[in-house]
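Inside the fold
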Amino acid sequence: MGLNMNEEEMIQGCFSRGEGGGFQIPMKLVVVGYALTSKKTKSFLQPKLEGLARNKGILFVAIDQNRPLSEQGPFDIVLHKLTGKEWRQILELLALSSTMNHDPISEVEASRFQQERNFHLPWAIYLIYSEDYRQTHPEVTVLDPPDAIQHVHNRQSMLQDVADLNLSDSYGKVGVPKQLVVKRDASSIPDAVTKAGLTLPLVAKPLVADGSAKSHELSLAYDQYSLRKLEPPLVLQEFVNHGGVLFKVYIVGETIKVVRRFSLPDVTKRELSKNAGVFRFPRVSCAAASADDADLDPCVGELPPRPLLERLARELRRRLGLRLFNLDIIREHGTRDRFYVIDINYFPVNVGNSEIIKAECYLYSNDGRVWENARI
């Protein structure tokens, strides 16, 4: 399949004019095929990113989800993020691949599997996630590996690498809040919390962190009785007072950008003794809750030490096998160097910052190393 007129124009734009109006040697065009939801496409492919990408010889091409990848491209990079039902379907197909000892799954076999479960997954999208496709097309970088993404889509396993890292140096200590996974039976939660030794109040989060609106819903439970009102499957985390501000640490390859966001306010012992029930928060620390320009107490708003973040990002890139993700980090109120990672998000929405946009272009360009080695 050939390129359309706009893509042909993009290729012409990769030839830079030299002195006297002649053309210099063209830069290599890097074609990034993307399979994203319409909402993600709108937030990701912003004019600033497309403009800078064009200048660096990067072409973004939408993958037709209803046609085989072999009829599209060729691509240097496949960029993807699917959520919700689509993601669960992919995991089921990957499980099928495992039961077949990783033998290639034919289109007929995949179709039969989908019909038996009454769902439809576009063949092109299945191929992106299949190990067979990645093995037979080693020249194509898949950002990021599906198994690595699966790891951070589950809040039970999401923070395990941070806990195992147990990072501590002269700049500070990074850990995770004490947490408990509850997969069913809300009536058993109070006893489970007592047995696990968790201290109220507790933050309740959906077990699956797939980027959907529901996965971002939080609840704060103040008393044991109210825990029965929660809806498993979920993760319960001890609430750590942090001055009502969290730090979103965006990691794009080796680039790090930190922004401040307003978060849940601190809970005093007096408030804990007087309040009861479950308080729900549909969306905490979203872009609209920016605290970068707020007049904050320096003890609350001071960014985490850069060397600490660089070491943390480097270790998590290696352990998670991801290049596009962000960390939600809080500082324990009353301390200067005690930090907690409370969430990890894969391929977060572009924050519109010029540093992040430039880093994304570097990641996809000929100058960047990631398209030569997707697994770092």
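We now turn to the structure provided with this report. The residue numbers shown here count from 1 along each chain, following its written sequence. Totals for whole chains, interfaces and linings use all residues, but because this is a predicted model, local features are given only for residues with pLDDT of at least 70 and pairs of side-chain atoms are given and counted only at 80 or more. Side-chain calculation: all heavy atoms of the structure are included, whereas hydrogens and water are not.

Description of helix α13 (residues 306-320)
For clarity, the threshold we go by: For the purposes of this entry, the term helix denotes a DSSP run of H or I that reaches at least four residues, the term strand denotes a run of E that reaches at least two, and both are numbered from the N terminus. Any helix carries an expected span of 1.5 Å times its number of residues minus one. Only protein chains enter the accessibility calculation, which uses a 1.4 Å probe; a residue is then buried when its area is under 20% of its type maximum, exposed when over 50%, and partly exposed in between.
For α13, with 15 residues, the first-to-last C-alpha span of 20 Å sits near the 21 Å given by 1.5 Å per residue. Along α13, the residues classified as buried are Leu308, Leu309, Leu312, Ala313, Glu315, Leu316, Arg317 and Leu320. Phi turns positive one or two residues past the end of α13, at Gly321, with a value near 75°.

A look at the packing of aromatic side chains
For any two aromatic rings, the description comes down to two numbers: the centre-to-centre distance and the angle of the planes. Threshold: Note on aromatic pairs: the rings of Phe, Tyr and Trp (six-membered ring only in Trp) are paired at centre separations within 6.5 Å, and the planes decide the class, stacked below 30 degrees, edge-to-face beyond 60, tilted for the rest.
Evaluated as defined, the whole model comprises 4 aromatic pairs. Considering the side-chain rings of Phe44 and Phe60, the 5.9 Å spacing of their centres and the 85° angle between planes classify their relative orientation as edge-to-face. With Phe44 in helix α2 (residues 38-44) and Phe60 in strand β2 (residues 58-62), the pair connects residues that are 16 residues apart, well separated along the chain. We note that Phe44, like Phe60, is buried. Where Tyr222 meets Phe279, the ring centres are 5.2 Å apart and the plane angle is 75°; that geometry is what we call edge-to-face. One end of the pair, Tyr222, is in the loop between β9 (218-221) and β10 (234-238); the other, Phe279, is in strand β13 (residues 278-281), and 57 residues separate them in sequence. For Tyr222, a relative accessible area of 12% puts it in the buried group. An aromatic cluster of at least three residues, connected via ring pairs, comprises Phe44, Phe60, Tyr346 and Phe347.

Describing the layout of surface pockets
Which entries qualify depends on this criterion: In this analysis the probe radius is 1.4 Å and the grid spacing 1 Å, with only protein atoms considered; a cavity is a set of points the probe fits into but cannot get out of, a pocket is an open set with protein on both sides within 12 Å along at least five of seven lines, and lining residues have an atom within 4 Å of a point. Grid points are joined across faces, edges and corners, and a volume is the space filled by probe spheres set on the points. When residues are sorted by character, Ala, Val, Leu, Ile, Met, Phe, Trp, Tyr, Cys and Pro go into the nonpolar class, Asp, Glu, Lys and Arg into the charged class, and all the rest, Gly among them, into the polar class.
As a volume, the second largest pocket reaches approximately 400 Å³. Secondary structure elements with two or more residues in the lining of the second largest pocket: β8 (202-206), β9 and β13. For the lining of the second largest pocket, the residue count by class is 11 nonpolar, 3 polar and 6 charged.

Structural notes on the sheet that holds strand β6 (residues 172-175)
The criterion, for reference: One bridge is not enough; two strands pair if DSSP finds at least two bridges between them. In this description, a line fitted to the C-alpha atoms serves as the axis of each element, helices being fitted only across the stretch in contact, and the angle between N-to-C directions of two axes falls anywhere from 0 to 180 degrees. Contacts are assigned to residue pairs with any non-hydrogen atoms lying within 4.5 Å of each other.
On the basis of which strands lie adjacent, the open sheet formed by 6 strands has the order β5-β6-β15-β14-β11-β12 and mixed pairing. Each edge of the open sheet is held by one strand with a lone partner, namely β5 (167-169) and β12 (255-262). Ignoring strand direction, the axes of neighbouring strands in this sheet form an average angle of 25°. Pairing of strand β11 (residues 245-252) with β12 involves 8 bridges; the strand directions are antiparallel. Bridged to Ile251 within β12 is Ile256. Across the sheet, α13 is in contact with β5, β6, β11, β12, β14 (324-331) and β15 (338-346); its angle to β14 comes to roughly 135°.

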